[in-house]
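# Structural features, examined
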Amino acid sequence: GLAGCTGSDDPVATASRAASSASATSSAPASPSPAASVELPSGSQWATATDSGLRFAVPDTWQPIDAEALASGGSNASVDQLLETMGVTREEFVASMQGMELMVMGPVEGGFAPSVNVVPNALSELPPASNLASELGSIGATTGTPSDATTPLGPAILVPYSLTSNELDIKGRSIVVGGPNGFVTITVSHVDDEAADAVAATVLETLSAS
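Residues numbered from 1 in each chain as written. Predicted model: local features only at pLDDT ≥ 70, side-chain atom pairs only at ≥ 80, totals over all residues. Heavy atoms only, no water.

As a further point, take the environment of L204. Its location among the elements puts L204 in helix 6 (residues 193-206). Residues L204 and F56, spaced 148 residues apart in sequence, show a C-alpha to C-alpha distance of 7.8 Å. Residue contacts for L204: discarding those within four places in its chain leaves A149, T150, T151, P152, A156, L158 and I175. (Helix = DSSP H or I, 4+ residues; strand = E, 2+ residues; numbered from the N terminus. Contact = heavy atoms within 4.5 Å.)

Here it is in C-alpha cells:
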C-alpha cells in the first residue's frame, strides 16, 4: 500500500507520521461516543485496528498487510507484485510500515497500490484541522481545504492533500479521530482523487468501535 516505497523515506509513511504529530490547541477534549450500530456497506469488508479498538469498512478486494509476517519471510502476492513494480526490497517495505498499527492495501494498478493505514498518536484532544494541514505542508504536501467531519465515534478532522513520489501524484486524505483507546491518524492514499474521496467517505461513515 506504500507505493513509491524508499524505506523509511516513503512519502505515504512520512505523511502518515507528519499528520500524527499535529498539535492540539482546542480547549474541549473530544470524547469518543458510545458504540453505534454501523452496517457494513455492500462490496466492503471490515478492517480492524485491534489495539486502538476501532474498525472501518474498506473495499472487499483490499487486504490487510502483516508487517511481522512479511519480516519473517511470509508470502503475500500483492506485496510481492508491488515490490517488483517499484524496485523496493521487502526490508525497505517493512521499514516503511514502522509505527503503523494497521495497513490495508488494494490491488496494484499502474505501479501504485492504494491503501489505508492507521497510526496511533499521542493527542489528548482533537486539534484544529488547520494544524493538521500545516503538518502535512511541512513535509511537502500540497493541501486542500481542511474540514471538520462527523463519524459514528464522534468528531474528526479531514485534510485532503497531494504528494509527488517517483513521478506519481499521490492523492491523500488524512483523518484524525478519537477512538476507544486514544486518538489515531487514518491515512488514505490513492492516485485518483474521486477514488480517494470515496474511500475516505466510507471510512468516516463506518468508523466504529471494534
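Throughout the structure, instances matching the rule amount to five salt bridges. Between R90 and D80 there is a salt bridge, with the nearest N and O atoms lying 3.0 Å from each other. Here D80 lies in helix 3 (residues 77-86) and R90 lies in helix 4 (residues 90-96), a separation of 10 residues in the sequence. A relative accessible area of 22% places R90 in the partly exposed class. Its salt-bridge partner being D197, residue R173 comes within 2.7 Å of it at the nearest N-O pair. (Salt bridge = Lys/Arg side-chain N within 4 Å of Asp/Glu carboxyl O. Buried < 20%, exposed > 50% of the residue type's maximum accessible area, 1.4 Å probe, protein only.)

Right, let's talk about the pairing of strand 2 (residues 54-59) for a bit. Two elements, strand 1 (residues 44-49) and strand 2, share six bridges in a ladder whose sense is antiparallel. Bridging from a neighbouring strand, A47 pairs with F56 of strand 2. (Pairing = 2+ DSSP bridges.)

Inspection of every chain in the model, using the stated rule, returns zero aromatic pairs. When the ring centre of W46 is taken as reference, the NZ or CZ atom of R55 above it lies at 3.8 Å. (Phe/Tyr/Trp six-rings, centres within 6.5 Å; stacked < 30°, edge-to-face > 60°. Lys NZ or Arg CZ within 6 Å of the ring centre and 35° of its normal.)

This part is about helix 6. Look at helix 6: 20 Å from first C-alpha to last across 14 residues, which is about the 20 Å you get at 1.5 Å a residue. All buried positions along helix 6 are accounted for by A196, V199, A200, V203, L204 and T206. Structurally, the start of helix 6 carries an N-cap: the backbone nitrogen of E194 is 3.1 Å from a side-chain oxygen of D192. (Expected span 1.5 Å × (residues − 1). Polar contact = N/O pair within 3.5 Å; in protein donor to acceptor, adjacent residues only side chain to side chain.)

Another point: the nonpolar core. In terms of nonpolar packing, the biggest core is built from 24 residues, with F56, V116, I175 and I186 touching the most fellow members. Broken down by secondary-structure element, the contributors of at least two residues to this core are strand 1, strand 2, strand 4 (102-105), strand 5 (115-120), strand 8 (154-165), strand 9 (168-179), strand 10 (182-190) and helix 6. It is helix 6 that provides the largest number of residues to this core, a total of four residues. Setting aside anything within four residues of it in sequence, one finds I186 in contact with F56, V116, N117, V118, R173, S174, I175, V177, V203 and L207. (Core = buried A, V, L, I, M, F, W, Y, C linked by side-chain atoms within 4.5 Å.)

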